[in-house]
Amino acid sequence: MAHATADIGTTNYTVSLVAGHHNLTADEGPAAGGQDAGATPHELLCAALAACTAITLRMYAQRKEWVLRAVHVDVRLKIEGKEHSVTRRLRLEGTLDEAQRARLADIAERTPVTLTLKQGVTITTILD
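Residues numbered from 1 in each chain as written. Predicted model: local features only at pLDDT ≥ 70, side-chain atom pairs only at ≥ 80, totals over all residues. Heavy atoms only, no water.

**Student:** Explain the packing of aromatic side chains to me, using residue names and the numbers behind them.
**Tutor:** Summed over all chains, the structure comprises one aromatic pair. A centroid spacing of 5.6 Å and a plane angle of 75 degrees characterise the contact between Tyr-60 and Trp-66, whose relative ring orientation is edge-to-face. On the basis of relative accessible area, Tyr-60 is assigned to the buried category, the value being 11%. (Phe/Tyr/Trp six-rings, centres within 6.5 Å; stacked < 30°, edge-to-face > 60°. Buried < 20%, exposed > 50% of the residue type's maximum accessible area, 1.4 Å probe, protein only.)

Given below as structure tokens:
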């Protein structure tokens, strides 16, 4: 199970995060009243998808013993009113034929974070 905590004091809007056992910081930019001390929550969402994609493609290529030197993932979240869309751009470096490249693109569509976002999640809020 993944786990994270967030704590905020009176400084707009810097949040101390612990994800697993890693310390992170989130914030909003000055235009939103923050200090820009860390990534915004939506940027962290994009980063989670990008990281999961890169890791999954690396694992798959290693299992297949394909020559994949690097995976570059660019994720952009666009929000317009109630419409949300994500564009994920992959750049693969290595000695890969078109079938291997196509297979990696296909695998990207089924990474754990991709599936979580596509399927949606139930969120339960408990007030202590």
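**Student:** So what about the packing of helix 1 (residues 41-64) against helix 2 (residues 98-108)? Which residues, and what values?
**Tutor:** Contact geometry of helix 1 with helix 2 gives a least axis separation of 10 Å together with a crossing angle of 135 degrees. By the angle between their axes, helix 1 is oblique relative to helix 2. In this structure, helix 1 meets helix 2 at a crossing whose hand is right-handed. Counting all contacts with helix 1, which are made through Thr-53, Thr-56, Leu-57 and Tyr-60, the residues of helix 2 involved are Arg-103, Leu-104, Ile-107 and Ala-108. (Axes fitted to C-alpha atoms, helices over the stretch in contact; angles between N-to-C directions. Helix = DSSP H or I, 4+ residues; strand = E, 2+ residues; numbered from the N terminus. Parallel < 35°, antiparallel > 145°, perpendicular 65-115°, else oblique. Left-handed = near helix turned anticlockwise from the far one by under 90°. Contact = heavy atoms within 4.5 Å.)

**Student:** Can you lay out the nonpolar core for me, pointing to particular residues and giving the numbers?
**Tutor:** Membership of the largest hydrophobic core is limited to 11 residues, which are Leu-57, Tyr-60, Ala-61, Trp-66, Leu-68, Val-71, Leu-92, Leu-96, Leu-104, Ile-107 and Ala-108. When contributions to this core are tallied by element, the ones reaching two or more residues are helix 1, strand 4 (67-80) and helix 2. (Core = buried A, V, L, I, M, F, W, Y, C linked by side-chain atoms within 4.5 Å.)

**Student:** Talk me through the side chain of Arg-88; I want residue IDs and the actual numbers.
**Tutor:** Tracing the backbone shows Arg-88 in strand 5 (residues 83-95). A polar contact is formed between the side chain of Arg-88 and the side chain of Thr-114, at a distance of 2.8 Å. Those residues in contact with Arg-88 that sit more than four places away from it in its chain are Leu-49, Thr-53, Val-73, Asp-74, Val-75, Ala-108, Glu-109, Thr-111 and Thr-114. (Polar contact = N/O pair within 3.5 Å; in protein donor to acceptor, adjacent residues only side chain to side chain.)

**Student:** So what about helix 2? Which residues, and what values?
**Tutor:** Regarding helix 2, the residues found buried are Gln-100, Leu-104, Ile-107 and Ala-108. One side of helix 2 holds all its buried residues, which, seen down the axis, span an arc of 105 degrees. Turned more than 90 degrees away from the buried face of helix 2 sit Glu-98 and Ala-99, all of them exposed. Buried-residue contacts for helix 2 involve helix 1, strand 4, strand 5 and helix 3 (112-119). (Arc of directions from axis to C-beta.)

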